[in-house]
Amino acid sequence: MIAFVIRRLCQSVVVLLTVALIAFALFNYVGDPINNMVGQDTTPAERVALRHELGLDQSFLVQFARFVGHAAEGNFGLSYQEARPVGQIILERMPATLELSFVAALLALILGVPMGIYTGLHRRSLLSQAMLTTSLVGISLPTFLIGILLILVFAVMLGWLPSYGRGTVVHIGWWTTGLLTISGWKAIILPAITLALFQMTLIMRLVRSEMIEVLRTDYIKFARARGLSNRAVNFGHALKNTLVPVITITGLQLGAIIAFAVITETVFQWPGMGLMFIQAVTFADIPVMAAYLVLVGFFFVVINLVVDLLYYVVDPRLRIEHEHAAGG
Amino acid sequence: MAELARAPIAAPRRLPRLRRFLDGDLLWSFRRSPVTVGAAVVAFVIIGSAIAAPWVAPHNPYDLASVNLMDATDPPVWLHGGSWAYVLGTDNQGRDVLSTIIYGTRLSLLVGVLAVVAALILGVALGLVAGWSGGIVETMIMRVADVQLSFPAILIALLIDGVARTMLPHNVQAEIAIYVLIVSVALSNWVHFARTVRGSTLVERNKEYIQAARVIGVRPWRIVTGHLLPNVLGPVLVIATINLATAILTEATLSFLGVGLPPTQPSLGTLIRVGNDYLMSGDWWIALFPGIWLALLILSVNLLGDWLRDALNPKLR
C-alpha cells in the first residue's frame, strides 16, 4: 500500500513539473518579457541591466527553479492586461468557478444517479427509452449551444432568470459567494444546468450499464432466492456494487467540469477563472495563461491522485492484484 | 444468413465488387437500422450541400455586391416581415442566414476533416513507432499521451491556439487562423489513435506473418509499412469517424469562444458567436439556425460512427 502511494505521488510530481515546465517555457520564450515591460526609448544597456536585475540572464535551471518556487507561493508576476498581481486576480475569480462547478457536480449526481437506476431497472419502459434518447441528444449538443438555448427560452422569451453575471454576492473574508442571496441563486441556475447536463447524461448511462451488469450476477439471483424484497436487492446489493466505477468517473469528471466551465462562463459572462483564461488568450496575457495552466494542472493531478487512492481503498480486489503485481 | 441461402453453392463464381458489397453484412446491418439510415440521410444533405455550396446556396455571402445592409436582421419567412428571398432570415450585415450556414459548414467540415487526417497520421505513426520499437521511445511517447489524456482536449486546443496567437504577428493572424485551428485540434486528438495503434501493434508484431517476414529478411521499415500498417488500420477508421464529430465540435467551440475562425471567414461556431450578440435583442434566428445545423451534423456523424463500430465488431453480431 505504502509503495503504491509513494509511486503514485512521484508520478503526480513528475506530471506537475512537466506542466510547470510548459508554463515556464510559455512565460519566458513566447515574446520577450523585457520588451513587454519597458518603453521604446530604453537603451540596450538599460535593457541588459534590467535583464540582469530580473535574473533573466541566469541559466535555464536556475530560472526554472525560481519559477517553481514562486509558483508554489502563488506568485506569477503581473498581468499584462490589468497590471495587477496574477495571484490576486485568480484569488478573486476562483470562488465563482468553484461555486459553479460544485453546484453543477451536485446537480449531475442528484439527477444522474436516480435516472440511471430507473433506466437500469426498467429497461423496456417508455420513460427509460425517452430518457436514453434525450441523453443522446444531450451528449451531441455542444455545451455553448445548450447555454444559448437556455438563455433564449428562460431569459429572453420567458424573462424568468438573468442571462449573465453572478447576481449579488456576499463577501466572507476573501471568499465571495452568491449562494446567500436570491439573485445569486437565480443567476446560478442556468449556468449550472448547462455545465451539469453532459456529466448528468454520462453518470446516468454509466449507472444504467453497471446496474444491468450487476443484476445479471449470481449473488443477485441468490439474494432473490433468499426471498429478499426487491428494494433490498436493488439498493442494498446491486446499487452498492455499481458505485465503485461511478465514484471514479465522477471524480475524474470534476476535472472536465472545470475545463468546460471555460465555455459556460463565456456564454453566461460568469466572472470566474474560465472567463479570465479566455480573456487572457485573446489578449495574449502570458502570465495569466501560465498561472491558469499551473493551477488547472494542479487540480487535475490532485483529483486523479485522490480518485486512484479512493479506488484502491474501495475495491479490495484491486488491492490484492496490485500487491501481487508489484511484489508487495 | 439470407446471403448464404441466396449464394449459388455449386458455382462459386466471383460476384462483381459492387454486388458483393451490396449483399454484405455491412449494408445489411445498415438497412436494418432506421436510425442509421436517417442519420446517413441527414449527414448526406448537410455534407453534400456544404460541398456543393456555390450551386446550392441561394446567395453568395462573400459577394459584397449582393449584400444589402437594408435587409439586415430580417426574420425567417414564416414570421411577420420575412420574405422568400431569405428563407431563414438575414444576419446583422444583411447576409442570408441559410447561405452563411451552408458556406460555414464547408469551413467547419474542412477544419474537422483535415484535423482528423493530421491527428490520424501523427497518432498512427507514433503508435507504430512506440509499439514496434518498445523501450525508452515507447515509454516517452506513451507517457506524453497519458499526461495529455488526463486533460480535456478542449483545454489543450485552447492552449495551443493561445500560444500560437501570441507568437504570430497580429497582421497575419486572420489569414492563418484556419491552419492554427487545424493544428490545435489535431494535436489535441492524436492520443486516441496512438494508443489504439500501439495496442494492436503489440499484438500483431508477435504473429507468424511478421516473424516470417523477418526471417526472409524484409527490412523493418518495409515490415512496418507494408505488413503491420494494413493490419492495424481497422479500428483506426472507426476512431476517425467518431473523432470527426469531436473535431467539428472542438472547432465550433473554439470559434464560439472567439479564438477560432474570424467573422470574415465564418464557420458554424463563428456564426453562433456572432448571433449570440443579437440574442438579447430578439433576433434569435441568427444564432439558432447555425446551432441546430451544427447539432444535426454532430448527432448524425456520431450515430454513423456508432453504427460503424458495432457493424465492424464481430463480437456484437
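Everything quoted here is computed from the prediction, not taken from an experiment.

Criteria and thresholds
Residues numbered from 1 in each chain as written. Chains lettered and ligands numbered in written order. Predicted model: local features only at pLDDT ≥ 70, side-chain atom pairs only at ≥ 80, totals over all residues. Heavy atoms only, no water. Helix = DSSP H or I, 4+ residues; strand = E, 2+ residues; numbered from the N terminus. Contact = heavy atoms within 4.5 Å. Areas by Shrake-Rupley, 256 points an atom, 1.4 Å probe, with all protein chains shown as cover. Buried < 20%, exposed > 50% of the residue type's maximum accessible area, 1.4 Å probe, protein only. Phe/Tyr/Trp six-rings, centres within 6.5 Å; stacked < 30°, edge-to-face > 60°. Core = buried A, V, L, I, M, F, W, Y, C linked by side-chain atoms within 4.5 Å. Expected span 1.5 Å × (residues − 1). Polar contact = N/O pair within 3.5 Å; in protein donor to acceptor, adjacent residues only side chain to side chain. Domains from an automatic or database assignment. Buried area = accessible area lost by both parts, 1.4 Å probe. Salt bridge = Lys/Arg side-chain N within 4 Å of Asp/Glu carboxyl O. Nonpolar A, V, L, I, M, F, W, Y, C, P; charged D, E, K, R; others polar. Axes fitted to C-alpha atoms, helices over the stretch in contact; angles between N-to-C directions. Parallel < 35°, antiparallel > 145°, perpendicular 65-115°, else oblique. Left-handed = near helix turned anticlockwise from the far one by under 90°.

## A word on the overall build of chain B
Thinking step 1. What chain B contains, in helices and strands, is 14 helices and zero strands.
Thinking step 2. N-terminal to C-terminal, the α/β element order of chain B is α-α-α-α-α-α-α-α-α-α-α-α-α-α.
Thinking step 3. Here the analysis covers contacts within chain B between residues at least 6 apart in sequence; of these, 69% occur between residues at least 24 apart.
Thinking step 4. With the model as given, the accessible surface of chain B reaches about 16,100 Å², and the carbon-plus-sulfur share is 67%.

## What about the overall build of chain A?
Thinking step 1. Looking only at helices and strands, chain A features 13 helices and two strands.
Thinking step 2. Burial analysis of chain A (328 residues in total) assigns 44% to the buried set.
Thinking step 3. Partitioning the intrachain contacts of chain A with sequence separation of at least 6 by distance along the chain shows that 68% fall at a separation of at least 24.
Thinking step 4. When the accessible surface of chain A is totalled, it reaches about 16,500 Å², and 68% of it is carbon and sulfur.

## Re the packing of aromatic side chains
Thinking step 1. The tally for this structure, following the rule as stated, stands at four aromatic pairs over all chains.
Thinking step 2. With centroids separated by 4.5 Å and ring planes inclined at 10°, the aromatic side chains of Phe 144 of chain A and Phe 256 of chain B adopt a geometry described as stacked. Placement of the pair is Phe 144 of chain A in helix α7 (residues 143-157) and Phe 256 of chain B in helix α12 (residues 220-256), with the two residues belonging to separate chains. With respect to burial, Phe 144 of chain A and Phe 256 of chain B carry one shared label: buried.
Thinking step 3. Where Phe 154 of chain A meets Trp 160 of chain A, the ring centres are 6.1 Å apart and the plane angle is 45°; that geometry is what we call tilted.
Thinking step 4. By relative accessible area, Phe 154 of chain A is classed as partly exposed at 26%.
Thinking step 5. Owing to a relative accessible area of 56%, Trp 160 of chain A belongs among the exposed residues under this scheme.

## Concerning the nonpolar core
Thinking step 1. Counting residues in each nonpolar core, the largest one holds 118 residues, and the members touching the most others are Phe 144 and Tyr 292 of chain A together with Leu 158, Leu 254, Leu 257 and Leu 294 of chain B.
Thinking step 2. A per-element tally of this core places α12 of chain B first, with 14 residues.
Thinking step 3. Ranked by size, the runner-up nonpolar core spans 28 residues in total, among them Leu 100, Val 113, Ala 196 and Leu 239 of chain A.

## With respect to helix α4 (residues 34-51) of chain B
Residues and elements named next belong to chain B.
Thinking step 1. Counted at 1.5 Å a residue, the expected span for α4 with its 18 residues is 26 Å, and the 25 Å between its end C-alpha atoms agrees.
Thinking step 2. What α4 keeps buried is the set Thr 36, Ala 39, Ala 40, Ala 43, Ile 46, Ser 49 and Ala 50.
Thinking step 3. Along its buried surface, α4 packs onto α3 (25-32), α5 (53-56), α6 (97-133) and α14 (285-312).

## Considering the side chain of Arg 93 of chain A
Residues and elements named next belong to chain A.
Thinking step 1. Here Arg 93 lies in helix α5 (residues 86-121).
Thinking step 2. Overall, Arg 93 belongs to the buried group, its relative accessible area being 15%.
Thinking step 3. One polar contact links the side chain of Arg 93 to the main-chain carbonyl oxygen of Gly 272, over a distance of 3.0 Å.
Thinking step 4. The contact partners of Arg 93, leaving out residues within four places of it in the chain, are Pro 271, Gly 272, Met 273, Leu 275, Met 276 and Gln 279.

## Some details on the domain arrangement of chain A
Residue and element names in this part refer to chain A.
Thinking step 1. We note that the domain assignment places domain 1 (1-81 + 283-328) and domain 2 (88-267) within chain A.
Thinking step 2. With 13 residues of domain 1 at the contact, the number on the domain 2 side is 14 residues.
Thinking step 3. Buried surface at the junction of domain 1 and domain 2, both sides included, amounts to about 1,100 Å², of which 88% is carbon and sulfur.
Thinking step 4. At the surface where domain 1 touches domain 2, the tally comes to zero salt bridges.
Thinking step 5. Counting across the interface, domain 1 meets domain 2 through zero residue pairs in polar contact (both at pLDDT 80 or more).
Thinking step 6. A per-class count over the side of domain 1 that touches domain 2 returns ten nonpolar, two polar and one charged.

## So, the interface of chain B and chain A
Thinking step 1. Taken together, the contacts link 33 residues of chain B with 36 residues of chain A.
Thinking step 2. Here chain B and chain A share an interface that buries about 3,100 Å² over both sides, 86% of which is from carbon and sulfur atoms.
Thinking step 3. Here chain B and chain A share zero residue pairs in polar contact (both at pLDDT 80 or more) between them.
Thinking step 4. For the side of chain B that touches chain A, the elements supplying multiple residues, two or more each, are α7 (135-149), α8 (153-167), α12, α13 (268-276) and α14 of chain B.
Thinking step 5. Tallying contributions element by element places α8 of chain B first for the side of chain B that touches chain A, with nine residues.
Thinking step 6. Class assignment for the residues of the side of chain B that touches chain A results in 24 nonpolar, seven polar and two charged.

## Some thoughts on the pattern of salt bridges
Between side chains of opposite charge, a pair can form as their charged atoms come close.
Thinking step 1. This structure, assessed with the given rule, holds four salt bridges over all chains.
Thinking step 2. Residue Arg 84 of chain A is joined to Glu 92 of chain A by a salt bridge in which the shortest nitrogen-to-oxygen separation is 3.0 Å.
Thinking step 3. Residue Arg 84 of chain A is classed as partly exposed on the basis of its relative accessible area, which comes to 24%.
Thinking step 4. For Glu 92 of chain A, a relative accessible area of 42% corresponds to the partly exposed category.
Thinking step 5. Residue Glu 204 of chain B is joined to Lys 207 of chain B by a salt bridge in which the shortest nitrogen-to-oxygen separation is 3.3 Å.
Thinking step 6. Lys 207 of chain B gets classed as partly exposed once you look at its relative accessible area, which sits at 37%.

## Some points on the packing of helix α8 (residues 182-215) of chain A against helix α10 (residues 230-268) of chain A
For any two helices packed against each other, one specifies the inter-axial angle together with the distance between the axes.
All names here are of chain A.
Thinking step 1. Two elements in contact, α8 and α10, have axes separated by 8 Å at closest approach and are oriented at 155°. Between α8 and α10, the interaxial angle falls into the category roughly antiparallel. α8 and α10 meet at a crossing whose hand is right-handed.
Thinking step 2. Broken down by class, the residue content of the contact of α8 with α10 amounts to 20 nonpolar, eight polar and one charged.

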